[in-house]
Every structure is written in structure tokens, then in C-alpha cells.
Amino acid sequence: MSGQVTSISGATVCVDLADLKIGDRVLVGSSRLTGEVVRLDGRIATVQVFEENRGLGIGETVTSAKGPLTVHLGPGLLGGIFDGLQRPLSLLQQGSGDFIASGQNPFPLDCTRSWAFSSERQSGDQVRVGETFGKVKEGHIDHLLMSPHAGVLEQLHTGKLQLEHPAAVLAGGQPLHGWHSWPVRKARPYRQKLQPTAPLITGQRCLDFLFPLLKGGVAIVPGGFGTGKTVLEQTIAKFADVDVVVYVGCGERGNEMAGLLDEFGELEDPRSKRPLMERTIVVANTSNMPVAARESSIFTAVTMAEYYRDMGLDVLFLADSLSRWAEALREISAALEEMPGEDGYPTYLGSRLSGFIERAGVVETLSAGQGSLSMILAVSPPGADFAEPVTQACLRVAGALYMLDTQLAHRRHFPAINWTQSFSLYSDTALAHFSEQHGEWAKLQARCRDLLQREDALREVAEVVGMEGLQDGDRLLMRTAEKIRLDFLCQNSFTEDAYTSPESTIEHIAALIEEHDRLAAALDGGALLDDLLKEAADAPR
Amino acid sequence: MRLAEHQYRSVSAIRGPLLFLERVFAARLGELVRIETPDGRSLTGEVLKISAGQVLIQVFGGTQGLDTRHTTVSFSDTVMQAPLGDGVLGRVFDGSFRPLDDLPMFIPEFRMPVIGAPINPVARTHPVEFIETGFSTIDGLNTLVKGQKLPIFTCAGLPAREITDQLLRQARLPDGGPFALVFVALGLTHFEYQFYRQTLEHMQSRFVAFINLADDPVVERLLAPRLALTVAEDLAFRQEMDVLVIITDMTNYCDALREISTAREELPGRRGYPGHMYSDLASLYERAGRIHGRKGSVTLLPTVTMPEDDITHPIPDLTGYITEGQIVLSRELQQKGIYPPVDVLPSLSRLMQHGIGKGQTRKDHRDLANRLYRAYAKGCDLRRLEAVVGRDGMLAEDRQLLDFSTRFEADFVHQGKQRRSIDETLDIAQALLDKFREVAR
């Protein structure tokens with residue numbers, strides 16, 4: 001079946017082709033550009049083209065790929081670097097050199113690579129949809145192969161498996177491959193959603209201590225430019241205690257992606273001691289790559305993340321930044337001449353966003369395991385104004401807010417997380433967990449918040465009367481709060497300080513507060529602060 | 001490939017820089033067209049949109065004198081391309097690549113589409129090599145590296161022109177490899193043009209200039225940076241030069257974008273700028289970079305004038321989200337007589353971390369920069385306190401920090417028209433820190 005291009009307006013192309021469905025993938029023009037059907041009107045379908053389409057002419061041929069936009073799921077995704085359509089960037093480079101040319105469709109998985117296949121199932125066994133029929137070893141993880149079909153196993157492969165050959169055959173001749181494809185816009189199924197309970201350790205003292213996240217939870221990180229969103233996301237990608245990290249560079253800087261790829265290639269996963277890249281999947285759709293592919297990139301990435309979740313793993317999904325995705329949505333919506341909502345964003349921004357964010361969570365998988373998908377999503381509000389639609393829409397569904405503060409960033413306080421306005425709805429659950437290890441956790445957290453809050457109030461007083469005019473007790477408090485801010489909350493991502501274990505975090509803050517209490521008691525006993533500080537400075541370390 | 005050139009005389013409407021053509025048999029998106037005006041002039045244009053036989057064309061050059069009856073449009077079957085070759089060096093062109101220096105057009109060796117393809121992220125290498133600008137505030141505290149894009153945020157009335165001019169004269173590679181400057185002026189006044197012309201005439205290094213004057217066609221403001229970047233990519237990645245592209249002023253570019261977008265009746269976004277401005281700016285800025293296995297680099301230094309001195313205005317805001325840092329000029333420093341009036345607190349070079357230290361600048365660079373920054377930030381905070389309680393009401397240490405901030409502005413930030421090498425910059429930093437050893441730790 002083929003039709004032809006009837007009109008072109010930027011990346012929005014109308015084609016005359018019968019029997020298309022909404023969401024179908026089509027190949028447009030002589031260079032076979034990938035597009036997706038977004039609107040139907042009689043025989044005329046409106047197609048959003050995912051690639052640069054300059055030079056496309058009217059009358060050129062269009063063919064249907066007979067199915068929706070999908071990703072290919074199988075062993076070999078870990079360590080991969082893909083664009084927003086899951087095309088491996090290294091294969092694109094082989095195809096068109098250092099600059100990306102349109103119209104390439106390489107298969108994302110390596111079909112010739114051999115995998116050590118094993119199975120606990122036997123022929124004659126019944127398999128349900130989504131149930132495991134075998135596994136291969138992918139780096140440090142057991143990569144479960146899940147059946148997309150139900151039936152009775154007839155044949156099972158043994159030994160080395162290559163993806164081009166079937167791993168098993170069902171009665172009736174249906175082959176089961178080591179890979180299958182899945183529509184990106186459809187959430188992968190599970191038996192049921194469970195309540196998140198386990199904390200996700202990021203290694204960031206400020207987050208783990210004050211605003212903990214749970215495995216299966218969602219945090220958003222809004223911040224103006226220069227507040228360190230990307231550095232924070234990348235640092236968490238390095239140290240988070242999860243099995244798999246999916247990192248999406250959505251409409252961001254190419255040089256940053258290059259930096260991430262260089263660094264992740266060299267670094268070691270602190271837990272498995274294997275190259276960090278082996279647990280990471282990168283989806284890179286930089287700001288100068290086509291807008292429609294930027295819109296699809298987060299769906300491509302989240303589908304891959306769900307696939308690893310379905311193996312019973314803990315997966316962390318990091319997106320930088322969701323605002324770029326929303327802007328892509330806005331550009332596409334404007335090209336379709338839809339009625340705009342707030343700030344020009346389409347009115348379905350909120351529902352589309354919550355549909356996406358709800359793909360996070362802890363689930364009981366179809367093969368009866370338990371997996372989690374957590375999300376940390378950067379948001380780039382225009383003019384650092386948090387009242388804008390994307391931040392607000394995210395806030396309605398996210399469980400934690402890590403607000404990055406321009407003022408803190410200007411003072412080089414990194415991570416620039418504002419401790420008064422950030423929050424975590426997971427705090428109580430996480431505290432229950434942490435308190436098992438360290439009974440004082442909740443108490444220390446409350447003390448720390450209290451000190452920081454009182455410092456804010458005192459600073460206003462100090463601005464009027466000067467530090468000289470403050471009481472010793474207040475000056476001590478200012479000193480402790482400053483230490484908490486500079487030594488504890490500030491954390492340098494470029495040194496060994498980048499990761500702190502929960503044990504060291506709690507020890508650190510406990511020591512600071514213990515010193516404060518000791519000095520405060522001495523002041524109560526009539527000592528002078530200046531003498532106490534001098535003593536402390538002279539004391540042998 | 002079409003075999004015969006086809007021509008039309010079916011213009012149905014002309015709206016601003018846009019031309020509507022009916023009953024077109026074949027057209028491509030982005031196709032270059034030639035337009036013959038009734039009085040015999042020839043203009044070029046580009047296909048923006050095609051629907052059911054109607055084609056929307058953006059005209060480069062003014063639409064003055066066009067009509068619907070006699071105007072002829074011929075289709076070229078190719079997209080807009082830039083002529084390239086060695087002959088481009090040392091030349092001055094207008095926004096449509098016509099020579100402005102009274103010399104004949106050079107003979108192009110080949111042509112490339114002006115809309116560059118994106119660099120594959122896996123082909124990029126991380127920028128790490130230092131470029132010396134001769135300004136202490138940039139080299140010392142907001143170091144520029146090859147392949148970076150670092151805008152200068154200025155306000156009306158601040159000496160951005162002088163700074164740009166000095167950058168043109170002073171920028172150099174510490175190792176002295178092949179280096180070229182590409183200068184793009186958008187919406188430049190004649191007054192400013194005279195100023196830059198003198199500089200261009202005496203340029204020592206190799207350069208190419210694209211000049212769009214304030215009374216030149218607005219559409220060419222969108223074209224000129226793309227021509228320039230295509231030239232820069234060729235110089236960098238084929239001829240293996242390190243290329244520094246200086247664009248002034250991106251605010252005029254964005255205003256041109258808004259003008260065209262309004263004529264196309266697109267939905268206006270913040271302050272009337274189109275919703276796709278982020279992607280559009282990214283398609284320029286992201287052309288900066290370095291590539292694995294190739295010697296050259298494209299580094300971008302755009303100037304942005306912040307309307308109403310507002311850094312949250314869409315133009316500086318979107319720019320800041322794409323670029324790797326920013327250099328911010330301050331009216332307050334200007335009034336204190338400090339030149340260049342760079343406010344280092346909101347300024348930032350994101351790629352500085354890798355571009356400084358041993359093997360790049362000097363071993364002590366990072367430490368000096370951190371200490372200067374910390375002490376100056378503290379000092380500036382204390383100025384507010386000083387305004388309330390007076391100097392006498394402050395701790396001795398705080399008074400010293402105040403003095404430090406003043407000296408920092410006078411000795412380090414202020415350098416007049418003098419060029420400073422990185423060693424001189426770091427020596428001044430060291431001397432300053434030594435003098436205030438107790439407070440600038």
C-alpha cells in the first residue's frame with residue numbers, strides 16, 4: 001500500500017493513504033523518513049515526521065509500516081546510546097558520519113552477538129503472556145526473556161543464543177525470540193501496583209537526609225539555568241543504588257551528552273565494580289535534533305525502563321529536561337493548529353504528563369517478581385518562574401520536589417536545593433525505614449530543619465544590628481547553621497565527596513548537632529563563645 | 001531531481017516578507033527559488049510551506065516593488081546552500097553572501113546546505129582546551145574552551161561593542177595553532193559598522209565577516225548566522241582550524257524571528273516570540289563543538305542585549321538554557337568606571353572545570369579562582385549589611401572582606417584596554433589573595 005505527500009508545513013506532513021490508524025508508523029518520501037499518524041480526516045492523514053524533512057517534495061511516496069511506533073526490547077540494550085526513536089547513535093555514525101542524516105533505520109539490537117542462554121522451563125510447560133521462559137546473562141544482571149505470547153513450550157534452545165534465531169518454539173509453531181517489540185505509547189502490563197516502601201539512596205546528603213525518595217517514587221527537579229540540574233541528575237545517575245539507570249537527554253546540550261558519555265565510559269559502578277555504562281541506557285535527543293523525536297524520546301526511554309523493571313529489577317529513570325519535552329509537544333500542537341491553553345501549551349499537557357509519570361511505581365510483575373521504576377525529572381521553568389504550566393502540572397503528580405534556587409547557585413552552594421521550599425511526600429515511609437538503622441534519624445532531621453529555619457530569622461535581625469549585636473547563643477546558632485549549610489548540605493560533585501552513604505550522612509549531621517549542643521551547654525554554664533571557639537580551634541585534632 | 005526548471009507567474013498574495021504562490025506543480029520544503037521583480041531585479045526566497053498547490057515563500061531581501069501580476073518565481077530543485085572554499089577568508093559579506101568589500105565574489109570550490117545536520121552526540125568530544133580572550137574575568141574565572149558556546153549578556157548602553165572589538169583583536173590559542181574568526185553582525189547600525197570596519201581592516205588573524213545592517217532586509221538576519229556557521233563548520237572540520245564565531249546581536253535575530261513568525265500568523269508565545277524559538281536558537285548554538293578524530297573546533301560567543309536589563313526575558317533566558325554558561329555585564333560596575341564591567345557572580349562557564357589546571361592553564365588556577373570567587377561573593381553580601389549598620393558596626397574580618405571586594409573590582413576586574421595573558425591574570429589573583437590572606441581562604 002502506498003500513497004503520496006499532499007502538503008508540507010515544517011515537520012507536519014499530510015499524506016493521502018488509505019487504511020491508516022492513529023499512531024501508525026509511516027515512511028515518508030524517497031528518503032523514507034519515519035513519521036507517526038496524529039490525525040485522520042477521510043483519506044488524508046496528518047503525519048508528524050521525526051526527522052529533518054527539508055527537501056521533501058509534494059507527490060513523493062508514502063508507505064505504511066503497518067503498526068504503531070515501537071521499540072525493540074531484548075538483551076544488549078544496556079550500555080546502548082540511542083536517539084529518540086531508539087536508533088543506536090553509533091550505527092547512525094557508521095551510516096552517515098559525524099553528522100546525522102535523515103532516513104536511516106538500523107535495527108537497535110545486535111543480532112550476531114552470542115548470549116549464554118539458560119532456562120528452568122521444560123518443553124510441555126504452559127507459558128502465559130509476560131511470563132519468563134528463559135534468561136541470558138547481560139553484564140551483571142540476569143536478563144529474563146519474557147514471552148509475548150501464551151502457549152505450550154515445544155522446543156527450547158540450549159547454549160549460546162543469537163537474537164536472529166528463536167530461543168523457543170510454542171506448540172503450533174509460534175517462535176519465541178530473545179527480543180520482541182512494544183508500542184512506546186502503551187505502558188507495559190503488570191499484575192498490580194504496590195506501595196513503595198524502600199528508600200532510594202542517591203548519595204546526596206541533602207536529598208537522602210532531608211527529602212528522601214522511595215524506589216518507585218517520582219521527584220521533580222525544577223531550576224533556572226545555571227542552577228545545576230544536569231550535574232545533579234548525572235551525579236545521581238552515577239551513584240543511585242539501583243540496578244539499571246535510563247538517562248534521557250531530552251532537548252539538551254550536545255556537549256553535555258558528550259561529557260556524560262566520556263565519563264560514564266571510564267567510571268565504575270560503585271556497587272558491582274563494573275563499568276558504569278554497563279548498567280546505563282542513554283537516550284540522547286539534543287536540542288538541535290528534530291523536535292518530534294524529542295517528544296517521543298521520553299516514551300522510547302520509559303518503555304525500555306519498564307522492560308527492565310519487568311525482570312524484577314530496580315530501575316531509575318532520569319530525564320533532562322521535561323520542559324523540553326513539553327515544548328516539543330507545544331510546537332507539534334501549534335503546527336496542528338490546535339486551540340492553545342495556558343502559555344500556548346496544549347490543554348492535554350497535564351493529562352499527557354500524568355499518563356507518562358504514572359508509569360513509575362513498584363509493581364508485581366507478570367512473572368510474579370517485584371520491580372520498581374523511579375523517576376527523577378528535571379524541569380526548566382522559563383525565567384525560573386515556578387508558576388509556569390509544566391512545573392505546576394508536574395507538581396500535581398510528583399511525590400517529591402527538589403527545588404533548585406538561583407540565589408544558592410550564585411553563591412556556588414551546590415546542589416542548590418532550597419531546603420525551605422522542597423518537600424518529599426515519601427519522608428514518613430523513608431524515615432520509618434531509616435529509623436530501624438539509626439533511631440535518631442527523625443529527631444536529627446527535625447533539629448536540622450529547626451536550626452536552618454531559626455538561622456533565616458536571625459539573619460534578618462543580624463542585618464539590622466550586625467553580628468556584633470547578637471547574643472552569644474544566637475551567634476552559636478548562626479555558626480552551626482553555616483556549618484550545616486557549607487559542610488553538610490553543600491556537596492561537590494567533582495570530588496570524592498560526590499557520594500555519601502546513609503551511615504556517613506547520619507554520622508556527619510549527628511556530629512555537627514552534638515557539637516552545637518555541647519557548646520550551647522557551655523554557654524549556659526557561663527562561658528563566652530569567643531573563648532569556646534578559640535579553644536576548639538587550638539585543640540589538637 | 002527534476003529535469004526542467006519550472007516558472008510561475010501565479011503570485012496570489014504578498015504579506016510582509018512572505019509570498020503566496022498558487023497552482024504549483026512540484027515543490028520541496030526549504031527549496032530555493034529565484035524571484036524576478038517587475039522592474040527586473042532578482043531576489044532569492046525559500047519554500048516554507050506547501051499545501052494543495054499553494055506554496056508559501058519567504059523572500060530574502062525586501063518585497064518592495066513586487067506585485068501579483070508580473071512577478072516571476074522559478075524553482076531551483078535544491079535547498080539553500082552556502083558557497084565554500086579557501087577564497088572565503090579575509091572577506092566581508094552581507095547577509096546574503098554578497099561581497100561588501102568591493103572585491104569580486106570568490107570562486108566557490110563546493111556548496112553545502114546552510115541548515116547544518118546535527119552533530120551525532122557520540123561523535124562529539126568534550127570541550128577541554130583553553131582559548132585565551134585576554135580578559136581576566138573570562139580567562140581567570142569563566143574560562144572559555146574550544147567548542148563551547150558562551151554568550152555575553154549585556155544591557156543597552158554598556159560597552160559590549162568595545163568588548164566584542166577587543167575579542168576580535170585579542171582572542172588567541174595558547175599553543176598558536178591554525179585559528180580563524182568569523183564575525184556576524186545582525187542589525188548593526190552604520191555608526192557601529194564604521195567602528196568595526198577599522199578593526200576588520202587591521203585584523204592580524206584570518207577572518208570572515210557577515211554584516212547585516214540595521215536597514216538591511218530583516219529576513220537576512222535569519223540567514224546570515226546560518227551562512228556564517230556553515231562557513232565556520234567547513235573551516236573547522238574540513239580545513240582543521242579552530243574557529244571562534246562572534247555574533248552580535250542575538251536580540252536583533254530574535255526580533256527578526258518574531259517578525260517573520262507574526263507574518264506567518266503563528267501563535268505567539270512569551271512576549272510575542274514564537275513557541276519554537278528555543279529549537280530555533282538551538283539550531284544555531286548547537287553547531288558549536290568538537291568532533292572525535294578531527295582537529296578543528298567551532299566556538300561560539302554570541303552577544304545578547306537584555307531588554308530592560310531583564311535576565312528572565314525570553315531571549316537571554318532561552319539562550320542561557322542552551323549555552324554552556326554566560327558572561328554578564330553590570331551597569332553598576334560600569335558606573336564605578338570599571339572596564340570590562342563583568343559581574344562575575346551571575347557569570348558562569350560550565351565547561352571551565354576541564355579546561356583549567358595543569359597542562360591547560362596553570363596548576364594553581366582552580367584554587368585561585370575558587371578563593372577569589374568565595375571571598376568576593378561574601379564581600380558583596382556584606383555590602384548590604386554595611387549599608388544598614390555602617391562600617392563601624394561590623395566585625396574586623398567583615399571589614400576586610402569589604403576591602404577585598406573593592407580591590408578585586410579595581411585590580412582584577414578592571415583592566416582598561418590592556419590585554420592580559422593568563423599568567424598575568426593569575427599573578428594578579430595571587431597577589432590579591434596574598435594581601436588578604438586572613439579572609440580570602
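**Q** Account for helix α5 (residues 291-309) of chain A, with residues named and values stated.
**A** Between its first and last C-alpha, α5(A) extends 28 Å over 19 residues, near the 27 Å set by a 1.5 Å rise per residue. The buried fraction of α5(A) amounts to 19 of the 19 residues, a majority that puts the element mostly inside the structure.

**Q** Could you give me a rundown of the pairing of strand β21 (residues 218-222) of chain A, with the residues and numbers involved?
**A** Residue and element names in this part refer to chain A. Taken across its 5 residues, β21 has 5 buried, putting it largely inside the fold. The alternating pattern of β21 places Val-218, Ile-220 and Pro-222 on one face and Ala-219 and Val-221 on the opposite face, and all of these are buried. Pairing analysis gives 5 bridges linking β21 to strand β26 (residues 370-379), with the strands arranged parallel. In the sheet register, Ile-220 faces β26, and the bridge partner there is Leu-377. In this sheet, strand β27 (residues 400-401) lies alongside β21 in parallel orientation, the contact comprising 2 bridges. Bridge assignment links Ala-219 to a residue of β27, and that residue is Ala-400.

**Q** Before we move on, could you go through the pairing of strand β19 (residues 297-305) of chain B and cite the residues and values that matter?
**A** All names here are of chain B. The buried count for β19 comes to 9 of 9 residues, which makes it a mostly enclosed element. Bridge count between strand β14 (residues 152-154) and β19: 3 bridges; the pairing is parallel. Following the sheet pairing, Thr-154 is matched in β19 by Thr-305. Where strand β17 (residues 242-248) and β19 come together, 7 bridges link them in parallel fashion. Directly across from Ile-247, in β19, lies its bridge partner Pro-302. Sheet analysis places strand β18 (residues 289-291) next to β19, joined by 2 bridges and oriented antiparallel. By the bridge assignment, Arg-290 is partnered in β19 with Ser-297. Between β18 and β19, which pair antiparallel in sequence order, lie 5 residues; one of them, Gly-293, sits at a positive phi of approximately 75°.

**Q** How would you explain the sheet that holds strand β15 (residues 168-170) of chain A if you had to name every residue and give the values?
**A** All names here are of chain A. One open sheet holds the 4 strands; their spatial order is β10-β13-β15-β16, and the pairing between them is antiparallel. Looking at which strands have only one partner, the edges of the open sheet turn out to be β10 (126-127) and β16 (175-176). By the bridge criterion, 2 bridges tie β15 to β16 in an arrangement that is antiparallel. The residue of β16 that forms the bridge with Ala-168 is Leu-176.

**Q** Any chance you could break down the packing of helix α10 (residues 365-389) of chain B against helix α12 (residues 422-435) of chain B for me, citing the residues and the numbers?
**A** Residue and element names in this part refer to chain B. Where α10 meets α12, the axes come as close as 10 Å, and the angle between the chain directions of the two elements is 50°. Considering the angle they form, α10 stands oblique to α12. Viewed along their axes, α10 and α12 form a crossing whose handedness is left-handed. Contacts from His-365, Leu-368, Arg-371 and Leu-372 of α10 reach α12 at Leu-426, Ala-429, Gln-430 and Leu-433. Within the contact of α10 with α12, the residues separate by chemical class into 5 nonpolar, 2 polar and 1 charged.

**Q** Describe the interface of chain B and chain A, listing the residues and the values that go with them.
**A** Each partner contributes to the interface: chain B provides 57 residues, whereas chain A provides 56 residues. Counting residues per element, the ones that place at least two in the side of chain B that touches chain A are β5 (42-51), β11 (124-125), α6 (277-285), β18, α7 (314-322), β21 (342-349) and α10 of chain B. Sorting elements by how many residues they give to the side of chain B that touches chain A places α10(B) first, with 6 residues. Taken together, the residues of the side of chain B that touches chain A sort by class into 32 nonpolar, 16 polar and 9 charged.

**Q** Could you give an account of the domain arrangement of chain A, naming the residues involved and the relevant values?
**A** All names here are of chain A. When its domains are assigned, chain A resolves into domain 1 (2-68), domain 2 (192-398 + 417-425) and domain 3 (441-538). Taken together, the contacts link 12 residues of domain 1 with 8 residues of domain 2. Counting residues per element, the ones that place at least two in the side of domain 1 that touches domain 2 are β4 (33-41) and β5 (44-49). Sort the elements by how many residues they give to the side of domain 1 that touches domain 2 and β5 lands first, with 3 residues.

**Q** So what's going on with the environment of Ala301(A)? Residues and values would help.
**A** Position of Ala301(A) among the secondary structure elements: in helix α5. Spatially, the C-alpha atom of Ala301(A) lies 25 Å from that of Leu336(A), the residues being 35 residues apart in sequence.

**Q** Hey, could you go over the nonpolar core for me, with residue numbers and the actual values?
**A** The biggest cluster of nonpolar side chains holds 283 residues, and the ones touching the most others in it are Val246(A), Phe317(A), Val182(B), Val184(B) and Val245(B). For this core, the element with the highest residue contribution is helix α4 (residues 219-237) of chain B, accounting for 12 residues. Aside from chain neighbours lying at most four places away, what touches Val184(B) is Phe210(B), Ala224(B), Pro225(B), Ala228(B), Val245(B), Ile246(B) and Ile247(B).

**Q** Report on the sheet that holds strand β9 (residues 114-118) of chain A, specifying residues and quantitative values.
**A** All names here are of chain A. Overall, antiparallel pairing links the 4 strands, which are arranged β12-β11-β9-β14 in an open sheet. The sheet terminates laterally at β12 (141-146) and β14 (159-162), the two strands that pair on one side only. Within the sheet, the average angular offset between the axes of one strand and its neighbour, ignoring direction, is 45°. In this sheet, β12 lies alongside strand β11 (residues 132-138) in antiparallel orientation, the contact comprising 6 bridges. Within the sheet, the bridge partner assigned to Gly-134 lies in β12 and is Leu-145.

About the criteria used
- Residues numbered from 1 in each chain as written.
- Chains lettered and ligands numbered in written order.
- Predicted model: local features only at pLDDT ≥ 70, side-chain atom pairs only at ≥ 80, totals over all residues.
- Helix = DSSP H or I, 4+ residues; strand = E, 2+ residues; numbered from the N terminus.
- Expected span 1.5 Å × (residues − 1).
- Buried ≥ 20, exposed ≤ 12 C-beta atoms within 10 Å, placed from the backbone.
- Pairing = 2+ DSSP bridges.
- Axes fitted to C-alpha atoms, helices over the stretch in contact; angles between N-to-C directions.
- Parallel < 35°, antiparallel > 145°, perpendicular 65-115°, else oblique.
- Left-handed = near helix turned anticlockwise from the far one by under 90°.
- Contact = placed C-beta atoms within 7 Å.
- Nonpolar A, V, L, I, M, F, W, Y, C, P; charged D, E, K, R; others polar.
- Domains from an automatic or database assignment.
- Core = buried A, V, L, I, M, F, W, Y, C linked by C-beta atoms within 7 Å.

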